[in-house]
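Residue-level listing of the chains:
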Amino acid sequence: MYWETMPNWFWMIYSGFLAVTFITALIRIGRREKFVMEIFVLVLVLLIPVISILSSATSIRLIEQNEYEFFLSQLQQGALWTIFSVAGYSLILMWWIRLLLEKRVASV
């Protein structure tokens with residue numbers, strides 16, 4: 001069967017974002033900067049894609065739905081894996097904002 005999927009450029013950006021986040025968190029762990037939060041971010045970077053893939057693989061997705069449309073439909077139905085994903089991505093985004101603000105303050 002063939003399903004619709006997101007374009008390749010989207011998957012490259014998504015994978016790149018997760019890889020940069022993972023590497024940045026590892027570097028900060030190596031420098032012993034805010035150790036607990038970086039461990040938490042590492043766990044989220046690894047868990048969110050795995051849980052999303054496993055949950056979407058066991059669900060029934062319409063052929064004409066791509067991943068984003070399927071995610072939104074599952075979120076509207078209140079699927080726990082989508083809520084976990086949104087919360088996890090929000091925490092990663094807040095971590096990045098805090099990291100960039102710390103770097104900006106340190107450079108001033």
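Residues numbered from 1 in each chain as written. Predicted model: local features only at pLDDT ≥ 70, side-chain atom pairs only at ≥ 80, totals over all residues. Heavy atoms only, no water.

Engineer: Describe the overall build of the protein chain, and please don't skip the residues or the numbers.
Structural biologist: Across its full length, the protein chain carries 4 helices and 0 strands. Per-residue burial over the protein chain gives 29% buried out of 108 residues. Across the protein chain, every contact between residues at least 6 apart in sequence was considered, and the portion connecting residues at least 24 apart equals 67%. Per element, the accessible surface of the protein chain, about 7,600 Å² overall, is 74% carbon and sulfur. One finds the centroid of the 8 positive side-chain charges in the protein chain at a distance of 18 Å from the centroid of its 7 negative side-chain charges. (Helix = DSSP H or I, 4+ residues; strand = E, 2+ residues; numbered from the N terminus. Buried < 20%, exposed > 50% of the residue type's maximum accessible area, 1.4 Å probe, protein only. Contact = heavy atoms within 4.5 Å. Areas by Shrake-Rupley, 256 points an atom, 1.4 Å probe, with all protein chains shown as cover. Lys, Arg positive; Asp, Glu negative; His and termini not counted. Charge placed at Lys NZ, Arg CZ, Asp CG, Glu CD.)

Engineer: I'd like a rundown of helix 3 (residues 67–77), residues and numbers included.
Structural biologist: Among all positions in helix 3, only Phe70, Phe71, Ser73 and Gln74 are buried. Looking straight down helix 3, one finds that the buried residues subtend no more than 165° of arc, so they occupy a single side. Residues of helix 3 that are buried sit in contact with helix 2 (35–58) and helix 4 (80–107). Remark: glycine 78 follows helix 3 within two positions and exhibits a positive phi of approximately 80°. (Arc of directions from axis to C-beta.)

Engineer: Residue-level account of the confidence of the model for the protein chain, with values.
Structural biologist: Mean pLDDT over the protein chain stands at 87; residues scoring 70 or higher make up 95%. When mean pLDDT is taken per element in the protein chain, helix 1 (residues 8–30) scores highest with 92 and helix 3 scores lowest with 88. (pLDDT = per-residue confidence, 0-100.)

Engineer: With reference to specific residues and values, describe the nonpolar core.
Structural biologist: Most often, soluble globular proteins keep nonpolar side chains buried together rather than apart. By size, the foremost hydrophobic cluster in this structure holds 12 residues: Leu18, Ala25, Ile29, Val41, Leu42, Leu44, Val45, Ile48, Ile92, Trp95, Trp96 and Leu99. Contacts of alanine 25, omitting those with residues within four sequence positions, involve Glu38, Val41, Leu42 and Trp95. (Core = buried A, V, L, I, M, F, W, Y, C linked by side-chain atoms within 4.5 Å.)

Engineer: Requested: an account of a nonpolar patch on the surface, with residues and values cited.
Structural biologist: On the surface, Tyr68, Leu72, Leu75, Leu80, Ile83 and Val86 cluster together into a nonpolar patch covering about 540 Å² of accessible area. If you list the elements that add at least two residues to the nonpolar patch, you get helix 3 and helix 4. The residue leucine 75 is located in helix 3 in this model. (Patch = residues over 30% accessible without salt bridge, like charges linked within 9 Å, V, L, I, M, F, W, Y side chains within 5 Å. Salt bridge = Lys/Arg side-chain N within 4 Å of Asp/Glu carboxyl O.)

Engineer: Hey, could you go over the packing of aromatic side chains for me, with residue numbers and the actual values?
Structural biologist: Applying the stated rule across the entire model yields 7 aromatic pairs. Between phenylalanine 10 and tryptophan 11, the aromatic rings sit 5.1 Å apart at their centres with planes inclined by 80°, giving edge-to-face as the arrangement. The exposure class of phenylalanine 10 is partly exposed, given its relative accessible area of 28%. Look at phenylalanine 71 and tryptophan 81: their rings are 5.8 Å apart centre to centre, the planes differ by 75°, and that puts the pair in the edge-to-face class. Highlighted residues: phenylalanine 71 in helix 3 and tryptophan 81 in helix 4, separated in sequence by 10 residues. One exposure class covers both phenylalanine 71 and tryptophan 81, and it is buried. (Phe/Tyr/Trp six-rings, centres within 6.5 Å; stacked < 30°, edge-to-face > 60°.)

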